[in-house]
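The lines below spell out each chain.
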Amino acid sequence: MNNIVAIVGRPNVGKSTLFNRLIQRREAIVDSVSGVTRDRNYGKSEWNGKEFSVIDTGGYVRGSDDVFEGEIRKQVELAIDEADVIIFVVDVEEGITPMDDAVAKLLRKVTKPVLLAVNKVDNSMREKDAVEFYNLGLGEYFTFASISGSGTGDLLDALIDAFPVKPEPTKEEVVLPRFCVVGRPNAGKSSFINALIGEDRYIVTDIAGTTRDAIDTKFDRFGFEFNLVDTAGIRRKTKVKEDLEFYSVMRSVRAIEHSDVCILIIDATRGFEGQDQSIFWLAEKNRKGVVILVNKWDLVEKDTMSTRDYEAKIREQLQPFTDVPIIFVSALTKQRLLKALEETVKVYENRAQRISTSKFNDYMLKIIENHPPPALKGKYVKIKYCMQLPTPTPQFVFFANLPQYVKEAYKRFLENKIRENWDFSGVPIDIYIREK
């Protein structure tokens, strides 16, 4: 399981620039509260061979609206609660501000590692100015410039060193499939989990600070033994929905990291919405198996084409990764729950399957011979050998004389041919072209 890093601080100190530099791309969930639009960013990064998830919490602000200020404070607290390491970004140009003091006061209470990162330090004079930040009471600081990248190497080295040592999984945990239940709030995750495990648990309550269930729980239902990773234990807030939405994304990040297969539950009465798509692509990006359950199907008015039309709309939004099981269920009436679990186990098996090199070559080389990669600049690409890599997730390598001329469209063609002959439903596939 990867570690989670939360980037916190007041607005306009360079958190998003640092975030974008770490993940080399931009992912955002946009909310609007009290007329202010803010990005909720999360992604994956790697440094010195270690992967970790990064979350940009947006700016801690003070305003005239007490409710607004309180909810932003909660958001920072939620990020601190879920993260393994916190990076607190400040701005050397403006020095210590009252908002910096407010965030530092929160961080001094936590027992997790906190790295104080002083941004916009791009010359020796500003190095001297950064000494002021000792006054925040957080110990040593790291100076960097998020725009140029100067100093980020030292910050990342310290970040890797600060990660907690996590216990190795036991043999039993390795053998048992890990299924995580994810989805937006009120999609029916709690009802599904209660129906699946055969008992009621007060997983979601209206009480702030509700104790969350252990992240991994072993179950044996319908003849299947599995570990259930549950994200339904969200501490619901009473006034503003915004931080619940953000918290659900953070819990999804954590749960997806723990899992082999993600059970994405969507609300049939609302459709496949933006946050559902964000969680789906987060699972795909982490190369996890995915099963989509359309819950509350008993509440939808249906005709003979309803299921087919509904499924087609979802698959249209999943392109190009459309080979995903979609099952229509009702946690309330327990309709198709056994089928949902059977399909989840099948996706787990698909993800773990291995194809012998001889069988793979016999099948794929004939297809490549009949449909070779398009010639480019008068040069012809020849692929003479291919194999599945010995990796935890399905990855295939094709050896070619001119790998740089093989474009993404042809990789998708190869992936589609693999899926036609072998069942990789619900599982992301990686295709690599290497020089022979």
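Labelled according to an unreviewed UniProt entry, the protein appears under the name GTPase Der, originating from Flavobacterium cheonanense. According to UniProt, the comment filed for the protein under the heading Sequence similarities (unreviewed entry) is "Belongs to the TRAFAC class TrmE-Era-EngA-EngB-Septin-like GTPase superfamily. EngA (Der) GTPase family." The record held by UniProt for the protein lists under Function (unreviewed entry) the comment "GTPase that plays an essential role in the late steps of ribosome biogenesis."

## Quick look at the nonpolar core
By size, the foremost hydrophobic cluster in this structure holds 50 residues, and its most contacted members are Phe88, Leu107, Phe280, Ile292, Val294 and Ile314. Per-element tally for this core: the top contributor is helix 9 (residues 274–285), with four residues. Discounting chain neighbours no more than four positions away, the residues touching Val294 are Ile266, Ala268, Tyr310, Ile314, Ile326, Ile327, Phe328 and Val329. The next biggest cluster of nonpolar side chains, apart from the first, holds 25 residues, and it includes Val181, Phe192, Ala195 and Val261.

## Brief notes about the pairing of strand 6 (residues 114–119)
With six of its six residues buried, strand 6 lies for the most part within the structure. The alternating pattern of strand 6 places Val114, Leu116 and Val118 and Leu115, Ala117 and Asn119 on opposite faces, both of which are buried. Strand direction decides the pairing type here: strand 5 (residues 85–91) and strand 6, joined by six bridges, are parallel. Bridge assignment links Ile86 to a residue of strand 6, and that residue is Val114. Pairing analysis gives three bridges linking strand 6 to strand 7 (residues 141–143), with the strands arranged parallel. In the sheet register, Ala117 faces strand 7, and the bridge partner there is Phe142. For the segment spanning strand 6, helix 4 (residues 124–129) and strand 7, crossover handedness is right-handed.

## Concerning helix 10 (residues 306–318)
Taking 1.5 Å of rise per residue, 13 residues should cover 18 Å, and helix 10 covers 19 Å from first to last C-alpha, within 8% of that figure. Every buried residue of helix 10 is listed here: Ser306, Tyr310, Ile314 and Leu318. Looking straight down helix 10, one finds that the buried residues subtend no more than 105 degrees of arc, so they occupy a single side. Set apart from the buried face of helix 10 by more than 90 degrees, the exposed residues are Arg308 and Glu316. On the buried face of helix 10, the contacting elements are strand 11 (261–267), helix 9, strand 12 (289–295) and strand 13 (326–328).

## Observations concerning the packing of aromatic side chains
A full pass over the atoms with the stated rule returns 16 aromatic pairs. With centroids separated by 4.9 Å and ring planes inclined at 25 degrees, the aromatic side chains of Phe360 and Phe396 adopt a geometry described as stacked. Remark: Phe396 occurs in strand 15 (residues 395–400) and Phe360 occurs in helix 12 (residues 357–370); sequence separation between them is 36 residues. Of the residues examined, Phe360 reaches a relative accessible area of 0% and is grouped as buried. With a centroid separation of 5.4 Å and 35 degrees between ring planes, the pair formed by Tyr410 and Phe413 is classed as tilted. Of this pair, Tyr410 and Phe413 both sit in helix 13 (residues 408–421), three residues apart, which is roughly one turn of that helix. Residue Tyr410 is classed as buried on the basis of its relative accessible area of 7%. The exposure class assigned to Phe413 is partly exposed, which follows from its relative accessible area of 22%. Put simply, the rings of Phe360, Tyr363, Phe396, Phe398, Trp422 and Phe424 pair up and form one aromatic cluster.

## Section: the pattern of salt bridges
Close approach of charged atoms lets side chains of opposite charge pair. For the coordinates displayed, the defined rule picks out 14 salt bridges. Where Arg126 meets Asp122, a salt bridge forms, and the shortest distance between an N and an O atom there is 3.4 Å. Classification of Asp122 as exposed rests on a relative accessible area of 52%. Put simply, Glu93, Asp122 and Arg126 are held in one network by salt bridges that share partners.

## Brief notes about the environment of Glu343
When you line up the elements, Glu343 lands in helix 11 (residues 337–352). When its relative accessible area of 22% is taken as the criterion, Glu343 is described as partly exposed. Beyond its immediate chain neighbours, meaning those up to four positions away, Glu343 contacts Val291, Pro325 and Ile327.

About the thresholds
Residues numbered from 1 in each chain as written. Predicted model: local features only at pLDDT ≥ 70, side-chain atom pairs only at ≥ 80, totals over all residues. Heavy atoms only, no water. UniProt positions renumbered as here; feature names shortened; annotations may be inferred. Core = buried A, V, L, I, M, F, W, Y, C linked by side-chain atoms within 4.5 Å. Buried < 20%, exposed > 50% of the residue type's maximum accessible area, 1.4 Å probe, protein only. Helix = DSSP H or I, 4+ residues; strand = E, 2+ residues; numbered from the N terminus. Contact = heavy atoms within 4.5 Å. Pairing = 2+ DSSP bridges. Right-handed = clockwise from strand over helix to strand, strands pointing away. Expected span 1.5 Å × (residues − 1). Arc of directions from axis to C-beta. Phe/Tyr/Trp six-rings, centres within 6.5 Å; stacked < 30°, edge-to-face > 60°. Salt bridge = Lys/Arg side-chain N within 4 Å of Asp/Glu carboxyl O.

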